[in-house]
2 protein chains.
Amino acid sequence: MFNRIKRVIIGKPLKNEAIHGQKYSVVWGLPILASDAISSIAYASEEILLVLVPAVGVLAYGELTYISGAIIGLLLILTFSYRQTIQAYPNGGGAYIVATDNLGTIAGITAGASLSVDYILTVAVSISSGTAAITSAFPRLLPFTVPICLLILLLVMFGNLRGIRESSRMFSLPTYAFIFAILAMIVTGVVEHFMGVHPSAVSVGVSAGVLKTGGEVSLLLLLSAFSNGCAALTGVEAVSNAIPNFREPQIKNAKTVLLLLSFFVLLLFGGTSLLANLYHVVPGQDKTVLSQIAASIFGHSFMFYFIQVTTTVILAMAANTSYSDFPLLVSLMARDGYAPRQLSQRGDRLSFSNGILMLSAVAGLLIIIFRGSTSALIPLYAIGVFISFSLSQFGMFKRWVTKRGEHWVHKALVNGLGAFVTTVVVMIIAVTKFRHGAWIVIIVIPLLIILMLKVKSHYQSVARQLRLEPHELTSIDIEKDLYRNRVIVPVESINRASIRALRYARTISEHVVAFNVSINEEDSRKVAERYSLIKTDIPLIVRYSPFRKIAAPLLEFVESEEYDRRKGDIITVIIPQFEVRKWWHNLLHNHSASAIERQLLKHKHIVVATMPLQLRNEDLLLKAERKVELK
Amino acid sequence: MFNRIKRVIIGKPLKNEAIHGQKYSVVWGLPILASDAISSIAYASEEILLVLVPAVGVLAYGELTYISGAIIGLLLILTFSYRQTIQAYPNGGGAYIVATDNLGTIAGITAGASLSVDYILTVAVSISSGTAAITSAFPRLLPFTVPICLLILLLVMFGNLRGIRESSRMFSLPTYAFIFAILAMIVTGVVEHFMGVHPSAVSVGVSAGVLKTGGEVSLLLLLSAFSNGCAALTGVEAVSNAIPNFREPQIKNAKTVLLLLSFFVLLLFGGTSLLANLYHVVPGQDKTVLSQIAASIFGHSFMFYFIQVTTTVILAMAANTSYSDFPLLVSLMARDGYAPRQLSQRGDRLSFSNGILMLSAVAGLLIIIFRGSTSALIPLYAIGVFISFSLSQFGMFKRWVTKRGEHWVHKALVNGLGAFVTTVVVMIIAVTKFRHGAWIVIIVIPLLIILMLKVKSHYQSVARQLRLEPHELTSIDIEKDLYRNRVIVPVESINRASIRALRYARTISEHVVAFNVSINEEDSRKVAERYSLIKTDIPLIVRYSPFRKIAAPLLEFVESEEYDRRKGDIITVIIPQFEVRKWWHNLLHNHSASAIERQLLKHKHIVVATMPLQLRNEDLLLKAERKVELK
């Protein structure tokens, strides 16, 4: 039943071999990997203005130009830095790998922890912003912000559980539609503005008292606005992380995608910032800046709704980027022992299902806590990714300096500049956004690092306890030094199930004991009486249990002098378990068996053998004869 | 951790022997068993007036007197009927037992189902009404009605999980306080009224336009009001149900308690109805009738608050009555196979914990659905208990007619009258309250009956499949006809755990196979290579699993020609399981083992042996030497 639903939603299981088909070309890869960066134009200008406008009013629009310029400069530095990373790490050069490789374990897991936080926030921020695009177009949906967010989250999650290529197809065309729509808006907007078709919005804003006409522009204010804008650059690292997902030639394809990505971010982010400046849009609570620009230029025509819808879809795709990267990242960390092993296993559809589910759960929680507000999430957002940028660039810098090789000075300079600039950005964000939420991330990342180290240490401890070196293997002789296996069969009453268990016990050992836990005397007397009728050498032990427990008296008996147990002996306890035909029949059999099993297994020398008892369907039974062949 | 919290709340486990100490005397038993009936005066008059006042205005108060008289008459008939039941069924004469005994199975479980529904509703109604007493005194708490209800529910639940006698002590004194407080109110109220201290409220009500001065009194209206009032009589059966809980002499004590119960109900219900009539109280949404009477007589003095508090407490005790009876009833039904077996087991504190938890869950749900409104719950309430009254009385009637004996005609007349009257009441309630909620109960009871029959039929089927007659037992020889036991050891890699499993396999069988499920070729090659280093005759089988599953290829192998399996052979599959020291370490080991176990156990001839691997604490390990003695 559950399985059937799962099949419909997720699809049929895929064979291991199917993995080679699930790869990106440039055309299909760009929309998936670039969507995070490109989609940020839906909120980056707005978040910059949200800091500036309330403080300095109309002056904000001038400052927006400078800040956008700075961010585009940063983008170019990052692009050249990451091209070098792609070249150097054709098997995937995420910050985790680059930092581990060149700076050591701690730097590596710091990058891993930072990136994980970043991916989770990308999902939360993108989906919140995508929902804002919808509610801007249809204000009546505003009260349903959180449910809409969660609905989008679920759609993206199920898309990804179905597997890589299908999700790529599912989301690709709308990205191109979005790029086209925004370009059309920029061209139309700029042309119409200079033709004087639209009155400048500033007069409206000022006369309505929404815009102050002046205010003091402080450095702190500019840096705070800049920090918000840096959210536009998250996602640039996506390409270098995902190289193994590209078709051959992987490096060339990846570099091409990175270049196209930067080009579109530059064009669209620059363009929308320009429009926000020309049209003096006032960032408000209920309508996004982008939707206000679109409404000014196109009115409430088809193009307006087209832009809103494609915005939502590209933001859903941005969330989708994290769904490609986060599970891959945690699977790498799990493979190295820093995260639970389950995260490194591919599911039925060859996607890392556990990672996908984990990402969805945490992002969903953030959306609920922050009520789907992009502005509330932004202060937490960029810091994680810039920490990983910085570690990755430092790693590359050290690599060139250590390994040298062709053009190493030039390469070291590029990555060194990247490392320096991104470190400065980390500090700017940490200072200006600390009180607004960055503190959460600054606490969470070290906690994650500690947790990862603990996980690693546990796995190492287990591996040490299990490891056998080849020379140890050759000295092992399974057939020699066999210990004695002793068997205990708990019997509640003498029926076909207990006879079957006793018979099984006899096949696996010469030393068998039947054990009855007595809760009332009469039942035990009856058991003993019926037991005496059977032909067997197996002794029956009866123990009274004043607290109505089963496992405790059994363990006491095993530890007692009375029980002939030698060092090294293993004791097998046989527990029958009903296997019923209808799920609700399970409710009718108390599951003390599994509780008892859990308690017994705490004992080092006890093996619990669960013996299934297939019960037949009662309806059939009533018609059939009473012959029972449970044996 | 969980266990420690449980101990603090529930108390230490009690031995079987402790059960004899946990019994009622008359003085301690009365407050527990009578509280359901006595507490109903907190809402019975109000629910009658709620039907009458909106329809006929001031005429309602006259009709209230007649209806109260009818209900008191019904009480007397029931009291005499149930005295005979107590005498005839000293081991507990609940409707379930009496009906089963005299009228057969279907009548018995019908009574059982009806009573179960009644007990659940007693909890919901009493707690809702108790909360209304609080919110009448402190109107600011009105918005918190449902949380207050649930808080009381939890308190009563935990009190009962602690065990019988303690809950008796906990709740006894307040009942006597309540009886005293209401008697004081009745005496003061009647005396002051006839001394003319208070003006009749009717003038106030009428002049304020709250009370109509006339209207038509129809028969249907009276019957509907009467149906509501019948809620006052639920709980009369509590005594006959609980005879085994009484101290010796049980019958005498039980009869005394029943008589005292009826006396107090008569006195207090009659008295408050009289007061409602004298003071012409108008039933409203926010203040209970009882609180309005108390406020009229005592003002907002100490006595007013005393009455409100004791009302709440006695209503909590009424809920507590169901907590004595419901678990006992379902344990009886479970013992007979009509309900899941778990319900017949006593918990750590000798109370039937599963029944207590079940009652709390369903009652809590009702409170949430009906938002803690007594009036909304009342139409569902009385029908269940009157069905069981009726079945019980018919059973007694048939008993006397069949068995005869001393004074049988007189006895048959008493119970026959009871049976007739209660059947008429069932029909009145079903008709007048059908639309207001009785339909729910009328649907639920037959569903419960069907479910109980299905449960019984399942247990019978299981018993048939397991049963061995004595002559079959004597023909069993455990030592003869032993089948072969074959063992499969799944190995993921060659480490101490798999060596330990192979060695164990060797001790229990000559026919062992090591089985590697290959997900990628390299791992399997490594396993085979390392396996070849060990000295052993056990063959290693490798199977490729394209869908990354473990159990499926194993089951396929077992069913294949290649595997030498004869009819009757049992196959033991050995699965190692990590036992970790810290709970969170469980998250680090994927629990595919238990999933695999579940799948294998569906196979009739497979036994799953779980082999625990105690992992040592890593922190200690890091300090200790690397010597590992997992064997």
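Values in this document were obtained by computation on a predicted structure and should not be read as measured data. (Residues numbered from 1 in each chain as written. Chains lettered and ligands numbered in written order. Predicted model: local features only at pLDDT ≥ 70, side-chain atom pairs only at ≥ 80, totals over all residues. Heavy atoms only, no water.)

A.B. asks: Is there a simple way to think about the overall build of chain A in this case?
C.D. replies: For chain A, the count of helices and strands is 24 helices and five strands. Taking the intrachain contacts of chain A between residues at least 6 apart in sequence as the baseline, contacts between residues at least 24 apart amount to 80%. Only carbon and sulfur atoms are counted for the fraction: they give 64% of the accessible area of chain A, which is about 26,700 Å². (Helix = DSSP H or I, 4+ residues; strand = E, 2+ residues; numbered from the N terminus. Contact = heavy atoms within 4.5 Å. Areas by Shrake-Rupley, 256 points an atom, 1.4 Å probe, with all protein chains shown as cover.)

A.B. asks: What am I meant to see in the pattern of salt bridges here?
C.D. replies: If charged atoms from side chains of opposite charge come close, those side chains can pair. Tallying each qualifying case throughout the model produces eight salt bridges over all chains. Across the pair R496(B) and E472(A) runs a salt bridge whose closest N-O atoms are separated by 3.0 Å. Placement of R496(B) in helix 20 (residues 496–508) and of E472(A) in helix 19 (residues 470–474) is noted, with the two residues assigned to different chains. R335(B) is the salt-bridge partner of D336(B), the closest N and O atoms lying 3.5 Å from each other. Judged by relative accessible area, which is 26%, D336(B) ranks as partly exposed. Accessibility expressed as a relative area gives 57% for R335(B), which makes it exposed. (Salt bridge = Lys/Arg side-chain N within 4 Å of Asp/Glu carboxyl O. Buried < 20%, exposed > 50% of the residue type's maximum accessible area, 1.4 Å probe, protein only.)

A.B. asks: Explanation requested: the packing of aromatic side chains in the structure shown.
C.D. replies: Aromatic rings considered in pairs are described by the distance between their centres and by the relative angle of their planes. Under the criterion given, the structure shown has 14 aromatic pairs over all chains. Between F304(A) and Y305(A), the ring centres sit 5.1 Å apart and the planes meet at 80 degrees, which makes this aromatic pair edge-to-face. The class for F304(A) is buried, based on a relative accessible area of 1%. With a centroid separation of 5.0 Å and 80 degrees between ring planes, the pair formed by F386(B) and F389(B) is classed as edge-to-face. Here F389(B) and F386(B) lie together in helix 16 (residues 374–403), a separation of three residues that amounts to about one turn. Note on accessibility: F386(B) and F389(B) belong to one class, buried. Among the aromatic residues, ring-to-ring pairing joins Y82(A), F386(A) and F389(A) into one connected group. Its guanidinium or amino end placed over the ring of Y459(B), R341(B) lies 4.1 Å from that ring's centre, counting from NZ or CZ. (Phe/Tyr/Trp six-rings, centres within 6.5 Å; stacked < 30°, edge-to-face > 60°. Lys NZ or Arg CZ within 6 Å of the ring centre and 35° of its normal.)

A.B. asks: Which parts of the structure should I look at to understand helix 21 (residues 521–533) of chain B?
C.D. replies: Here helix 21 of chain B contains 13 residues, and its C-alpha end-to-end distance of 19 Å stays within 8% of the 18 Å for a straight helix at 1.5 Å per residue. Listing the buried residues of helix 21 of chain B in full gives S524(B), V527(B), R530(B) and Y531(B). Here the buried residues of helix 21 of chain B occupy an arc of 130 degrees about the axis, which is enough to place them on one side. Relative to its buried face, helix 21 of chain B has exposed residues pointing more than 90 degrees away, namely E521(B), E522(B), R525(B), K526(B), E529(B) and S532(B). Next to the buried residues of helix 21 of chain B lie helix 19 of chain A together with helix 20, strand 2 (511–518) and strand 3 (540–544) of chain B. (Expected span 1.5 Å × (residues − 1). Arc of directions from axis to C-beta.)

A.B. asks: Looking at this model, I keep getting lost on the interface of chain B and chain A. Mind explaining?
C.D. replies: By a frequent convention, interface size equals the accessible area lost on bringing the separate parts together. Every contact between the two is made by 100 residues of chain B and, on the other side, 100 residues of chain A. Of the roughly 9,400 Å² buried between chain B and chain A on both sides combined, carbon and sulfur atoms contribute 55%. For chain B, the biggest contributors to the area lost against chain A are Q465(B), I478(B) and R548(B); these three give 8% of the whole. Linking chain B with chain A are 30 residue pairs in polar contact (both at pLDDT 80 or more). Taken together, the elements giving at least two residues each to the side of chain B that touches chain A come down to helix 18 (438–466), helix 19 (470–474), helix 20, helix 21, strand 4 (570–579), strand 5 (606–614) and helix 24 (618–623) of chain B. Residue composition of the side of chain B that touches chain A, grouped by class: 46 nonpolar, 22 polar and 32 charged. (Buried area = accessible area lost by both parts, 1.4 Å probe. Polar contact = N/O pair within 3.5 Å; in protein donor to acceptor, adjacent residues only side chain to side chain. Nonpolar A, V, L, I, M, F, W, Y, C, P; charged D, E, K, R; others polar.)

A.B. asks: Which parts of the structure should I look at to understand the side chain of S224(A)?
C.D. replies: Position of S224(A) among the secondary structure elements: in helix 10 (residues 219–229). Excluding residues within four positions of it along the chain, S224(A) makes contact with V51(A), T432(A) and K433(A).

A.B. asks: Explanation requested: helix 16 (residues 374–403) of chain A in the structure shown.
C.D. replies: Residue pairs three or four apart in sequence face the same way in an α-helix, which turns once every 3.6 residues. All names here are of chain A. An ideal rise of 1.5 Å per residue puts 44 Å on 30 residues; helix 16 measures up with 43 Å between its terminal C-alpha atoms. Within helix 16, the axis deviates most sharply at L380, by approximately 30 degrees. Most of helix 16 is tucked away: 21 of the 30 residues are buried. One or two steps after helix 16, the chain reaches R404, where phi turns positive at roughly 55 degrees. (Bend = angle between axes of the 7 residues up to and from the residue.)

A.B. asks: Is there a simple way to explain the pairing of strand 2 (residues 511–518) of chain A in this structure?
C.D. replies: Note on strand geometry: in a regular strand, side chains alternate between the two faces of the sheet. All names here are of chain A. In terms of burial, strand 2 is a largely internal element, seven of the eight residues being buried. Bridge count between strand 1 (residues 485–490) and strand 2: five bridges; the pairing is parallel. By the bridge assignment for strand 2, P490 is matched with F515. Strand direction decides the pairing type here: strand 2 and strand 3 (residues 540–544), joined by five bridges, are parallel. Across the sheet, the residue bridging to N516 is V542, located in strand 3. (Pairing = 2+ DSSP bridges.)

A.B. asks: Got a minute to help me understand the relation of the copies chain B and chain A in this structure?
C.D. replies: Copy one and copy two of the chain differ by a rotation about a common axis and a shift along it. Laying chain B over chain A is done by rotating through 180 degrees and shifting 0.1 Å along the axis; what remains is an RMSD of 0.1 Å. Considering both components of the superposition, the chain copies are consistent with a two-fold axis. A share of 100% of interface residues in chain B that are also interface residues in chain A marks the association as one of identical surfaces. (Least-squares fit on C-alpha atoms with pLDDT ≥ 70 in both.)

A.B. asks: Any chance you could explain the sheet that holds strand 2 of chain B here in plain terms?
C.D. replies: As a general point, the strands of a sheet are linked pairwise by backbone hydrogen bonds and lie either parallel or antiparallel. Reading across the sheet, the 10 strands line up as 3(A)-2(A)-1(A)-4(A)-5(A)-5(B)-4(B)-1(B)-2(B)-3(B) and stay open at both edges, with mixed pairing between neighbours. The open sheet terminates on both sides in strands that have one partner only, identified here as strand 3 of chain A together with strand 3 of chain B. Here the average twist between neighbouring strands, direction ignored, is 30 degrees. Bridge count between strand 5 (residues 606–614) of chain A and strand 5 of chain B: three bridges; the pairing is antiparallel. Bridging from a neighbouring strand, A609(A) pairs with A609(B) of strand 5 of chain B. (Axes fitted to C-alpha atoms, helices over the stretch in contact; angles between N-to-C directions.)

A.B. asks: What am I meant to see in the environment of K549(B) here?
C.D. replies: Residue and element names in this part refer to chain B. Along the chain, the position of K549 falls in the loop between strand 3 and helix 22 (551–559). The exposure class assigned to K549 is partly exposed, which follows from its relative accessible area of 38%. Once the C-alpha coordinates of K549 and V517 are considered, the two residues, 32 residues apart in sequence, prove to be 8.2 Å apart.

A.B. asks: Please clarify how the confidence of the model for chain A should be interpreted in this entry.
C.D. replies: Caution is warranted with low-pLDDT regions, since their predicted coordinates should not be read in detail. All names here are of chain A. Mean pLDDT over chain A stands at 84; residues scoring 70 or higher make up 88%. Ranking the elements of chain A by mean pLDDT puts helix 9 (residues 201–207) last with 46 and helix 6 (residues 105–137) first with 93. Low pLDDT (under 50) marks residues 202–208, which in the prediction has seven contacts with non-local residues, meaning those over four places away or in another chain. This model gives residues 619–631 a pLDDT under 50, and the stretch forms 22 contacts once residues within four places in sequence are excluded. Scored as a complex, the prediction yields pTM 0.72 and ipTM 0.74. (pLDDT = per-residue confidence, 0-100.)

A.B. asks: Can you help me understand the packing of helix 4 (residues 60–88) of chain A against helix 10 of chain A in this one?
C.D. replies: All names here are of chain A. Put simply, helix 4 and helix 10 touch, their axes get as near as 10 Å, and they point 50 degrees apart. As far as their axial angle goes, helix 10 and helix 4 are oblique. As for the relative orientation of helix 4 and helix 10, their crossing is right-handed in sense. In contact with E63, I67, A70, I71 and L74 of helix 4, helix 10 contributes L222, A225, F226 and G229. Broken down by class, the residue content of the contact of helix 4 with helix 10 amounts to seven nonpolar, one polar and one charged. (Parallel < 35°, antiparallel > 145°, perpendicular 65-115°, else oblique. Left-handed = near helix turned anticlockwise from the far one by under 90°.)

A.B. asks: Help me out: how do you make sense of the nonpolar core in this one?
C.D. replies: Soluble globular proteins: nonpolar side chains tend toward being buried together. Membership of the largest hydrophobic core comes to 134 residues, with the highest contact counts inside it found for L33(A), I38(A), I182(A), M185(A), V239(A) and F386(A). In this structure V239(A) touches L33(A), I86(A), F246(A), A254(A), V257(A), L258(A) and L261(A), once residues within four positions along its chain are discounted. In terms of nonpolar packing, the next biggest core, distinct from the first, is built from 133 residues, L49(B), I109(B), I152(B) and F386(B) among them. (Core = buried A, V, L, I, M, F, W, Y, C linked by side-chain atoms within 4.5 Å.)

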